Amino acid sequence: DVKSLKRATELAKFFIGTIIKEGDLVVDATMGNGNDTLFLAQTVGKEGSVISFDIQDLAILNTKKLLDKNNINNSKLIQDGHENIDRYISNEICGAMFNLGYLPKGDRNIVTKPETTIVAIDKCLKLLKRNGIITIVIYYGHLGGEDEKEKIIHYVEKLDENKFHVLKVDYINQTKEPPILITIIKK
Ligand code: SAM
């Protein structure tokens, strides 16, 4: 519905939701308060699984609460940086979601960083199956956010066109640093 088109985070769910199915293995690279983990868990169902990462205990706590409230038990919550994803996953993944910036209602000084984010995206692209998708919502209103945005856009622009479809969605009439959505589909 129209809600899916109004916000970058909803748009990300809309795009990944067209590709991932029940039974799939998927990743939430930035768990935060767990909204994307919940969405992914409900989409892949009991036969599927979600592996979610965050460096903060508060994110793990909030996500666990949200999942418990919704009777979800197909998700593994890992307190580690997404740049270490290959320590936890060796199977092919069908999709991954990144939602960059700081934890909403949390410590605004703990933010994703371009170096580690790019390592994580790169590792996810290697684990991604054919026709799998990665969504990246870039918030950049905070300190260091602009630098991360530029580095990520530079990185995804350079991905081999023979291997990936890369899409960038901008809310072009918004004045206050509107989030940007990037989607990458493996050919
Ligand atoms: N998708 C989340 C939600 O639905 O609430 C919001 C994510 S929030 C914008 C970004 C999160 O990335 C923060 O919770 C932060 O702790 C986390 N983060 C920062 N660096 C990270 C890293 N290296 N690996 C994994 N998560 C990281």
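Use the structure listed above.
Residues numbered from 1 in each chain as written. Predicted model: local features only at pLDDT ≥ 70, side-chain atom pairs only at ≥ 80, totals over all residues. Heavy atoms only, no water.

Re the sheet that holds strand β6 (residues 164–170)
Link 1 in the chain: In spatial order, the strands read β3-β2-β1-β4-β5-β7-β6; together these seven strands make up an open sheet with mixed pairing. Single-partner strands in this sheet number two, and they are β3 (75–79) and β6. Averaged over all adjacent pairs, the angle separating strand axes in this sheet is 15°, with direction ignored.
Link 2 in the chain: Of the pairings in the sheet, the one linking strand β1 (residues 25–28) to strand β4 (residues 93–99) comprises three bridges and is parallel in character. Each bridged residue has a counterpart across the sheet, and for V26 the counterpart in β4 is G95.
Link 3 in the chain: Lying over the sheet, helix α2 (residues 8–17) contacts β4, β5 (128–138), β6 and β7 (180–186), oriented at roughly 175° with respect to β5. (Pairing = 2+ DSSP bridges. Helix = DSSP H or I, 4+ residues; strand = E, 2+ residues; numbered from the N terminus. Axes fitted to C-alpha atoms, helices over the stretch in contact; angles between N-to-C directions. Contact = heavy atoms within 4.5 Å.)

Here's the deal with the pattern of salt bridges
Pairing between side chains becomes possible if they bear opposite charge and their charged atoms approach one another.
Link 1 in the chain: Throughout the structure, instances matching the rule amount to eight salt bridges.
Link 2 in the chain: In this structure, the salt-bridge partner of D147 is K151, at a minimum N-O distance of 3.2 Å. With D147 and K151 both in helix α6 (residues 145–157) and four residues apart, this pair spans about one turn of that helix.
Link 3 in the chain: Classification of K151 by relative accessible area gives partly exposed; the value is 34%. (Salt bridge = Lys/Arg side-chain N within 4 Å of Asp/Glu carboxyl O. Buried < 20%, exposed > 50% of the residue type's maximum accessible area, 1.4 Å probe, protein only.)

Digging into the environment of K151
Link 1 in the chain: Taking the C-alpha atoms as reference, K151 lies 20 Å from I172; in sequence the two are 21 residues apart.
Link 2 in the chain: If near-sequence neighbours (up to four positions away) are discounted, K151 is found in contact with P114, E115 and I118.

A few points about the site of the ligand
Link 1 in the chain: Around the ligand sit 22 residues in total, of which N33, D54, Q56, H82 and E83 are the nearest.
Link 2 in the chain: Within the side chain of D36, an N or O atom sits 3.2 Å from a nitrogen atom of the ligand.
Link 3 in the chain: Residues belonging to the shell around the ligand are distributed by class as follows: eight nonpolar, 11 polar and three charged. (Near = heavy atom within 4 Å. Polar contact = N/O pair within 3.5 Å; in protein donor to acceptor, adjacent residues only side chain to side chain. Nonpolar A, V, L, I, M, F, W, Y, C, P; charged D, E, K, R; others polar.)

A short note on the pairing of β5
Link 1 in the chain: The buried count for β5 comes to eight of 11 residues, which makes it a mostly enclosed element.
Link 2 in the chain: By the bridge criterion, six bridges tie β4 to β5 in an arrangement that is parallel. Residue N99 lies in a different strand from β5, and its bridge partner there is V137.
Link 3 in the chain: As for the winding sense of the linkage, the β-α-β connection from β4 through helix α5 (residues 114–127) to β5 is right-handed.
Link 4 in the chain: Sheet topology places β5 next to β7; six bridges connect them, and they run antiparallel. Of the residues in β7, the one forming a bridge with I138 is I180. (Right-handed = clockwise from strand over helix to strand, strands pointing away.)

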